[in-house]
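# Topology and contacts: notes
Each chain is listed here by its residues.
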Amino acid sequence: MSVWKVSGGNKLYGDLRIQGSKNAVLPIMAAAIIAGCETELINCPRLSDVEAAMSILRHLGCKAEREGDTIFIDSREMNRTDIPHDLMREMRSSVIFLGAILARAHEAKLSYPGGCELGPRPIDLHLEALKCLGAEITEQGGDLYCRDGGLKGARINLSFPSVGATENAMLAACGAEGETVITNAAREPEIVDLQEFLRSLGADISGAGTPTITVSGFSPRKRVGYRVMTDRIVSATALCCAACAGGSITLKSVVPADFETVTSALESMGCEIERRKNSVKITVNRQLRAPRPITTRPYPGFPTDAQPLLMAACLKAEGTTVFTENIFENRYRHAAEFCRLGADINVVGRVAVVTGVSELTGAPVSATDLRGGAALIAAALGATGETTVYDTGHIARGYEDFDKMLMSLGADIKYENERLASVV
Ligand code: EPZ
């Protein structure tokens, strides 16, 4: 397992071009199954989750090849409709393939996706949405068996604006006869990106970004190319790293509005922010102050994925911040690791109270999940001395060359083989 050693104290300076979005490219790769044609996806990040999605596509009989940041998918020869346990375990969000497989083949078999570090990850909303369209779903021996005698357009009301369930409903509706209306849909920018990709395939779809999405079945075009959106959570991560380390960095080719809730929280803490059409510049040259209470909500509320990252920026801020995590039930595992660096955090259920301390001190810590791991690196940038971060494999799921990105800005971060790290 890889280990990173971070020596705190270096300020960050320079420009960053942010990677393509993990949470946009994954459902779009699933949507390529519906196409039954050749698709060329540009700006695809090099991540272990994306590799896992490519393995699933190949297992289904599709071609999936990468050339640089472009992935070529050809789903014309798709000849399977099952996703086995080992591939489902590699990436729990593989459930997003279910709607697309049903739309294409009207049958699917998936090993039931388990929970993850953030807590149980139920898929009841996904299954209810697919049943509204006429899918028959049974569970046996840990596997989900789905089939339909032809999906029919329907009204689907989601009891919670689940991102994944919204995406699965959109994808399955593309294979349904007639019109489908999804209400209380998730409004994240990644949903809009999926809509735009489906439109490029010829889909008659509208409303993404609002609570009501309308989809009509369609026959896809023969070949499409599409550029995936920039990753808004990686953008927010870079800003929080600068807030922890100090200095001045500029994010290029981004959509500032996609992560404005994080940017404005950092601005309220005393970070200088300069927003332009496709870039955001942050300058941090003073001690920060605690922001107003942070409550995570579905988009356009404060994103749960940025909660660990903004918490890192609060660890040395003057004053106290109250976080409330409304989306996942176990998303404070990074707090105990922050406390190993000397942070002052009290967690009670979904609430975390963070009181700024004057100094953080480097120590051995372990990444607990994707965003928690990135937040540990951010906090280490502002700690005195060396922090050794274990289990950094979590970070590789969502961040392309995270260490190299930070090194390019002046951070002192080194990769080390775990065996060596424990000896030295
Ligand atoms: C997506 O997960 C993202 N993953 C997550 O990003 C992100 O944190 C989350 O949306 C919220 O924005 C991808 O897009 C691949 P949800 P998803 O369905 O779709 C409950 C990261 O760091 N729920 O909106 O799984 C669920 O338990 C990852 O990149 C049900 O109860 O999120 C959770 O409490 C982490 N039943 C809440 O809804 C369901 O059927 C939000 O889940 C589905 C969800």
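For clarity, every value in this text was computed on a predicted model and none was experimentally measured.

Attention now moves to the overall build of the chain. The number of helices and strands found in the chain is 15 helices and 24 strands. Over its C-alpha trace the chain gives a radius of gyration of 22 Å, about what one expects of a compact globule, namely 22 Å for 424 residues. Taken along its principal axes, the extent of the C-alpha atoms in the chain is 65 × 45 × 40 Å. A fraction of 71% describes how many contacts in the chain between residues 6 or more apart in sequence connect residues 24 or more apart.

Let us now look at the pattern of salt bridges. The tally for this structure, following the rule as stated, stands at 21 salt bridges. Between Arg275 and Glu260 there is a salt bridge, with its nearest N and O atoms 2.9 Å apart. With Arg275 in strand β16 (residues 272-276) and Glu260 in helix α9 (residues 260-268), this pair connects stretches of sequence that are 15 residues apart. A relative accessible area of 33% places Arg275 in the partly exposed class. Residue Glu260 is classed as partly exposed on the basis of its relative accessible area, which comes to 29%. Between Glu272 and Arg286 there is a salt bridge, with its nearest N and O atoms 3.7 Å apart. Here Glu272, found in strand β16, pairs with Arg286, found in the loop between β17 (279-284) and β18 (294-295); they are 14 residues apart in sequence, far enough to count as distant. On the basis of relative accessible area, Glu272 is assigned to the partly exposed category, the value being 37%.

With that out of the way, let us pick up the site of the ligand. Taken together, 23 residues form the shell around the ligand, and within it Asp124, Leu125, Ser162, Asp305 and Ile327 come nearest. In the model, a nitrogen atom of the ligand is placed 2.7 Å from a nitrogen or oxygen of the Asp124 side chain. For the ligand, whose free accessible area comes to 820 Å², the fraction covered by protein is 85%. Listed by contribution, the elements that provide at least two residues to the shell around the ligand are α1 (22-35), α5 (124-132), α6 (163-173) and α12 (370-381). In terms of residue count, α5 provides more of the shell around the ligand than any other element does, three residues in total. Broken down by class, the residue content of the shell around the ligand amounts to ten nonpolar, six polar and seven charged.

What follows is about the packing of aromatic side chains. Summed over all chains, the structure comprises two aromatic pairs. Ring centres 5.7 Å apart and planes at 75° place the aromatic pair Phe197 and Tyr226 in the edge-to-face group. Separated by 29 residues along the polypeptide, Phe197 in helix α7 (residues 189-201) and Tyr226 in strand β14 (residues 223-227) bring together distant segments of the chain. Taken individually, Phe197 and Tyr226 each receive the classification buried, so the pair is uniform in this respect. With a centroid separation of 4.8 Å and 45° between ring planes, the pair formed by Tyr399 and Phe402 is classed as tilted. Residue Tyr399 is classed as buried on the basis of its relative accessible area of 3%.

So, about the domain arrangement of the chain. Splitting the chain by domain gives domain 1 (2-19 + 230-421) and domain 2 (22-227). When each unit is reduced to the centre of its C-alpha atoms, the spacing between domain 1 and domain 2 is 30 Å. Counting from both sides, the interface comprises 26 residues of domain 1 and, opposite them, 20 residues of domain 2. Between domain 1 and domain 2 the total buried area reaches about 1,900 Å² when both faces are included, carbon and sulfur atoms providing 51% of it.

All of the buried residues along α5 are Leu125, His126, Leu127, Ala129 and Leu130. Those residues of α5 that are buried lie in contact with α4 (97-105), β8 (136-140), β9 (143-147), β10 (155-157) and α6. Looking one or two places after α5, you find Gly134, whose phi comes out positive at around 105°.

Residues Met29, Phe97, Leu171, Leu198 and Ile213 are the most contacted members of the largest nonpolar core, which totals 81 residues. Residues contacting Leu171, with those up to four places away along its chain left out, are Pro27, Ala30, Ala31, Ile34, Ile96, Gly99, Ala100, Ala103, Leu194 and Leu198. Membership of the second largest hydrophobic core comes to 73 residues, among which are Cys244, Ala265, Ala375 and Ala379.

What follows covers the sheet that holds strand β2 (residues 12-17). Here we have four strands laid out as an open sheet, ordered β2-β15-β17-β16, and mixed in their pairing. The open sheet has two free edges, formed respectively by β2 and β16, since each of these has just one partner strand. Ignoring which end each strand starts from, the neighbouring axes of this sheet average 10° apart. Where strand β15 (residues 247-252) and β17 come together, five bridges link them in antiparallel fashion. When the bridges of β17 are listed, Thr250 appears paired with Lys281.

For the pair α1 and α4, the least separation of the axes is 8 Å and the interaxial angle reads 5°. Here α4 runs roughly parallel to α1, going by the angle between their axes. Two secondary-structure elements touch here, α1 through Met29, Ala30, Ile33 and Ile34 and α4 through Phe97, Ala100, Ile101, Ala103 and Arg104. Considering only residue class, the contact of α1 with α4 consists of eight nonpolar, no polar and one charged.

Within the secondary structure layout, Ala380 lies in helix α12. The class of Ala380 is buried, set by a relative accessible area of 0%. In the structure, Ala380 is positioned 68 residues away from Ala312 in sequence and 9.0 Å away in space, judged by C-alpha atoms. Apart from the residues lying within four places of it in its own chain, the contact partners of Ala380 are Val6, Gly8 and Thr387.

A word on the sheet that holds strand β7 (residues 107-111). Hydrogen bonds along the backbone pair up the strands of a sheet, which may run parallel or antiparallel. Taken in spatial order, the four strands make up an open sheet running β6-β7-β9-β8, and their pairing is mixed. The strands lining the two open edges of the sheet, one partner per strand, are β6 (82-83) and β8. Direction of pairing for β7 relative to β9: antiparallel, over a ladder of five bridges. Each residue of the ladder has a partner; that of Ala108, found in β9, is Cys146.

The rules we used
- Residues numbered from 1 in each chain as written.
- Predicted model: local features only at pLDDT ≥ 70, side-chain atom pairs only at ≥ 80, totals over all residues.
- Heavy atoms only, no water.
- Helix = DSSP H or I, 4+ residues; strand = E, 2+ residues; numbered from the N terminus.
- Rg over C-alpha atoms; globule rule 2.2 N^0.38 Å.
- Contact = heavy atoms within 4.5 Å.
- Salt bridge = Lys/Arg side-chain N within 4 Å of Asp/Glu carboxyl O.
- Buried < 20%, exposed > 50% of the residue type's maximum accessible area, 1.4 Å probe, protein only.
- Near = heavy atom within 4 Å.
- Polar contact = N/O pair within 3.5 Å; in protein donor to acceptor, adjacent residues only side chain to side chain.
- Areas by Shrake-Rupley, 256 points an atom, 1.4 Å probe, with all protein chains shown as cover.
- Nonpolar A, V, L, I, M, F, W, Y, C, P; charged D, E, K, R; others polar.
- Phe/Tyr/Trp six-rings, centres within 6.5 Å; stacked < 30°, edge-to-face > 60°.
- Domains from an automatic or database assignment.
- Buried area = accessible area lost by both parts, 1.4 Å probe.
- Core = buried A, V, L, I, M, F, W, Y, C linked by side-chain atoms within 4.5 Å.
- Pairing = 2+ DSSP bridges.
- Axes fitted to C-alpha atoms, helices over the stretch in contact; angles between N-to-C directions.
- Parallel < 35°, antiparallel > 145°, perpendicular 65-115°, else oblique.

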